[in-house]
Amino acid sequence: MWKEDKKDFSNKEETTKVRRENAQKMTNAFYDIVTDFYEYGWGESFHFARIYKGDTFEQAIKRHEQYLSLKLGMNDKHKTLDVGCGVGGPLREIVRLSGAHITGINNNAYQIERCKAYSRNLGIESRTDFVKGDFTNMPRELDGKFDSAYAVEATVHSPKLEMVYGQVFRALKPGGLFATYEWVTTPKYDENNPEHGRIIHGIEEGNSIPSLSSYEQALEAAKSVGFEVLEYEDMAMLEDCHDPWYLTLKGSFSFSGFRMTRIGRWTTHKLVYFLECLRIVAPGSTDVASFLNNTADALVKGGELEIFTPMFFILLKKPSTAQ
């Protein structure tokens, strides 16, 4: 799906058409391959976070998740939808913080099984539920069921944001809130700049993304399906109290951070190669490790040039009069 436009970084509609048409199949296959790599390198929450100086990686991740619960006003009476729940790291954190009942929807069977196992082990099965399904075509039994919904860097896998936003709109009760962290290009991105195009294309390819939207396109997509935009902010924008979000990918020479550094990723790559030669890990694992290393470099470059953000926060409301 990427071969036909490997040297075309323009992201014109015709170069992304095939990716959009095959987005769900492509994403499902992608996460079958990379889930274990992500959990090894990143933990149970597959997302970035605004980092305050002095934060540990784990503190930043948890605060980023808790912020959603705060913005949505979640409590133990809430029924909430996690849109593209991954292996459920944010879901479990928010359940334990708010007491809400959260349903995660995910189209990847392997990740759904991981979610269920984690809930059993933590004793929160009664406050969690999981649906294997396509978030651009949610089951009708979810219609009007939820007080709130959130997505953590997940909807970028939709062929077009309108497709998943429309489904979330349908799943919410009238007056319900939806909070999302979006991967988007920033106003500093110049589509006519070949270097910018190469970096953005690398981010898209390395994360199985049909095509990144811009700030404006994300907001317009939400409004086009009926949402009211309550607030939005690029949480990657730095103040004096923040460290860059991509600092984690550069890593730190701590025990927990080493595997994310360039040297740590190189070491992991060599270890995987050795294990693959011994047939301890699956064939192709070395190629996946190399692929993810290249993706990490593209993300760092996009962050350094401020042409990409993984945390464009949007808070939306389904009008109280809507059905």
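What counts and how
- Numbering of residues starts from 1 in every chain and runs along the sequence as written.
- Owing to the predicted nature of the model, reporting of local features is limited to residues with pLDDT of at least 70; listing and counting of side-chain atom pairs is limited to 80 or more, with chain, interface and lining totals taken over all residues.
- No hydrogens and no water enter the side-chain calculation; it runs on all heavy atoms of the structure.
- Note on conventions: DSSP H or I runs of at least 4 residues are helices, E runs of at least 2 residues are strands, and numbering of each starts at the N terminus.
- Here, two residues are considered to be in contact whenever any of their heavy atoms come within 4.5 Å of each other.
- A score from 0 to 100, pLDDT tells how confident the predictor is in each residue.
- We define a salt bridge as a contact between a side-chain nitrogen of Lys or Arg and a carboxyl oxygen of Asp or Glu at a distance within 4 Å.
- Partly exposed describes any residue whose relative accessible area lies between the buried limit of under 20% and the exposed limit of over 50%, with all areas from a 1.4 Å probe on protein chains only and scaled to the type maximum.
- Aromatic rings from Phe, Tyr and Trp, with only the six-membered ring used for Trp, were paired whenever their centres fell within 6.5 Å, and each pair was classed as stacked if the ring planes differed by under 30 degrees, edge-to-face if by over 60, and tilted otherwise.
- Here, strands pair whenever DSSP counts at least two bridges between them.
- Here the term right-handed applies to a crossover when the path leading from its first strand over the helix to its second strand runs clockwise, the strands being oriented away from the viewer.

Caption draft 1: Quick peek at the side chain of Gln167. Its place among the elements puts Gln167 in helix H6 (residues 161-171). Discounting chain neighbours no more than four positions away, the residues touching Gln167 are Phe135, Thr136, Asn137 and Met138.

Caption draft 2: Spotlight on the confidence of the model for the chain. Of all residues in the chain, 73% have pLDDT values of 70 or greater, and the mean over the chain is 82. Residue range residues 253-259 is modelled with pLDDT below 50. Its contacts to residues more than four positions away, or to other chains, number 13 contacts.

Caption draft 3: Spotlight on the pattern of salt bridges. Enumeration according to the criterion identifies 13 salt bridges in this entry. The shortest N-O distance in the salt bridge between Lys53 and Asp243 comes to 3.1 Å. One end of the pair, Lys53, is in the loop between strand S1 (51-52) and helix H3 (57-72); the other, Asp243, is in strand S9 (residues 242-243), and 190 residues separate them in sequence. The shortest N-O distance in the salt bridge between Lys223 and Glu220 comes to 3.1 Å. Of the two residues, Lys223 and Glu220 are both situated in helix H8 (residues 215-224); the distance of three residues between them amounts to about one turn of the helix. Judged by its relative accessible area of 43%, Lys223 falls in the partly exposed class. Each of Arg140, Asp143 and Arg170 takes part in one network of salt bridges that share partners.

Caption draft 4: Molecular detail of the environment of Glu231. On the secondary structure map, Glu231 appears in strand S8 (residues 228-234). Between the C-alpha atom of Glu231 and that of Leu316, which follows or precedes it by 85 residues, the distance is 7.3 Å. Setting aside residues up to four positions removed in sequence, Glu231 forms contacts with Tyr67, Lys71, Phe313, Ile314 and Leu315.

Caption draft 5: Expanded view of the packing of aromatic side chains. All chains considered together, the criterion is met by twelve aromatic pairs. Seen in terms of ring centroids, Trp245 and Tyr246 are 5.5 Å apart; in terms of plane orientation they differ by 85 degrees. Their pairing is edge-to-face. Exposure class is identical for Trp245 and Tyr246. Each is buried. Each ring, one from Trp245 and one from Phe308, has its centre 5.9 Å from the other, and the planes form 70 degrees; the classification is edge-to-face. With Trp245 in the loop between S9 and helix H9 (247-250) and Phe308 in strand S10 (residues 308-317), this pair connects stretches of sequence that are 63 residues apart.

Caption draft 6: Broad picture of H6. Here H6 lies mainly inside the structure; eight of its eleven residues are buried. When we look at burial in H6, the residues that qualify are Leu161, Val164, Tyr165, Gln167, Val168, Phe169, Arg170 and Ala171. Looking at the buried side of H6, the elements it contacts are strand S2 (79-83), strand S5 (146-152), strand S6 (172-185), strand S7 (213-214), H8 and S10.

Caption draft 7: Spotlight on the pairing of S5. Of all seven residues in S5, six are buried, a share of seventy percent or more. Pairing geometry for S2 and S5, over three bridges, is parallel. By the bridge assignment, Asp82 is partnered in S5 with Tyr150. Between S5 and its parallel partner S6, the chain crosses via H6, and the hand of that crossover is right-handed.

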